[in-house]
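Structural features, examined
Residues per chain are reported as follows:
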Amino acid sequence: MAHRSGNFAGLESTSDIEETPVLINGKWTKENDLVATATAWRKDTERPFVVKVKYSEYVQKTIRGDITKFWREKADTMLKKVAESQVL
């Protein structure tokens, strides 16, 4: 759909370990998390759209609480896909 608009000018996705805020027992602290950033450009806007997503918020788990196969084996790719879908 982005390409069909005629205004799509590019997409970039990266990931890194970043300190992110976490609420634990009613108190905010920072912990390391895998974070994916997606940036999308349009020809008709001055600035790009940017979205960051955290692994801890999007990792998929089974009913027993185990991380699913794709998220266990390809966490970086899966998280980038989440960021890209949100930015688009």
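This text goes with the structure placed above it.
Residues numbered from 1 in each chain as written. Predicted model: local features only at pLDDT ≥ 70, side-chain atom pairs only at ≥ 80, totals over all residues. Heavy atoms only, no water.

The biggest cluster of nonpolar side chains holds 15 residues, and the ones touching the most others in it are Val53, Tyr55, Trp71 and Leu79. Counting residues per element, the ones that place at least two in this core are β2 (27-42), β3 (49-54) and α3 (75-87). Ranked by the residues each element gives to this core, the list is headed by α3, at six residues. Those residues in contact with Trp71 that sit more than four places away from it in its chain are Tyr55, Tyr58, Val59, Gln60, Met78, Leu79 and Val82. (Core = buried A, V, L, I, M, F, W, Y, C linked by side-chain atoms within 4.5 Å. Buried < 20%, exposed > 50% of the residue type's maximum accessible area, 1.4 Å probe, protein only. Helix = DSSP H or I, 4+ residues; strand = E, 2+ residues; numbered from the N terminus. Contact = heavy atoms within 4.5 Å.)

Note that β2 and β3 share six bridges and pair antiparallel. Of the residues in β3, the one forming a bridge with Thr39 is Val50. In this structure, the hairpin formed by β2 and β3 is closed by a connection of six residues. (Pairing = 2+ DSSP bridges.)

Relative to the elements of secondary structure, Ile67 occurs in the loop between α1 (55-58) and α2 (69-73). For Ile67, a relative accessible area of 30% puts it in the partly exposed group. Sequence separation between Ile67 and His3 is 64 residues, and the spatial gap between their C-alpha atoms is 33 Å.

Turning our attention to α3. Since the α-helix packs 3.6 residues into each turn, any two residues three or four apart lie on the same face. Taking 1.5 Å of rise per residue, 13 residues should cover 18 Å, and α3 covers 18 Å from first to last C-alpha, within 8% of that figure. Against β1 (8-24), β2, β3, α1 and α2 lie the buried residues of α3. (Expected span 1.5 Å × (residues − 1).)

This paragraph deals with the pairing of β2. With 16 bridges connecting them, β1 and β2 associate as antiparallel partners. Paired with Glu12 across the strands is Thr39, a residue of β2. Once β1 ends, the chain turns through two residues before running back antiparallel as β2, passing Asn25 with a positive phi of about 55 degrees.

A few words on the pattern of salt bridges. Side-chain pairs of opposite charge can arise where the charged atoms are in close proximity. Summed over all chains, the structure comprises four salt bridges. In this structure, Lys52 and Glu18 form a salt bridge, with 3.3 Å as the shortest nitrogen-oxygen distance. Highlighted residues: Lys52 in strand β3 and Glu18 in strand β1, separated in sequence by 34 residues. Judged by relative accessible area, Lys52 falls into the exposed class, the value being 52%. A residue is classified by how much of its surface remains accessible, and Glu18, at 25% relative accessible area, is partly exposed. Of the charged contacts, one joins Asp76 and Lys80 as a salt bridge, the two residues approaching to 3.1 Å between their closest N and O atoms. Placement of the pair is Asp76 and Lys80 together in helix α3, with a separation of four residues, close to one helical turn. (Salt bridge = Lys/Arg side-chain N within 4 Å of Asp/Glu carboxyl O.)

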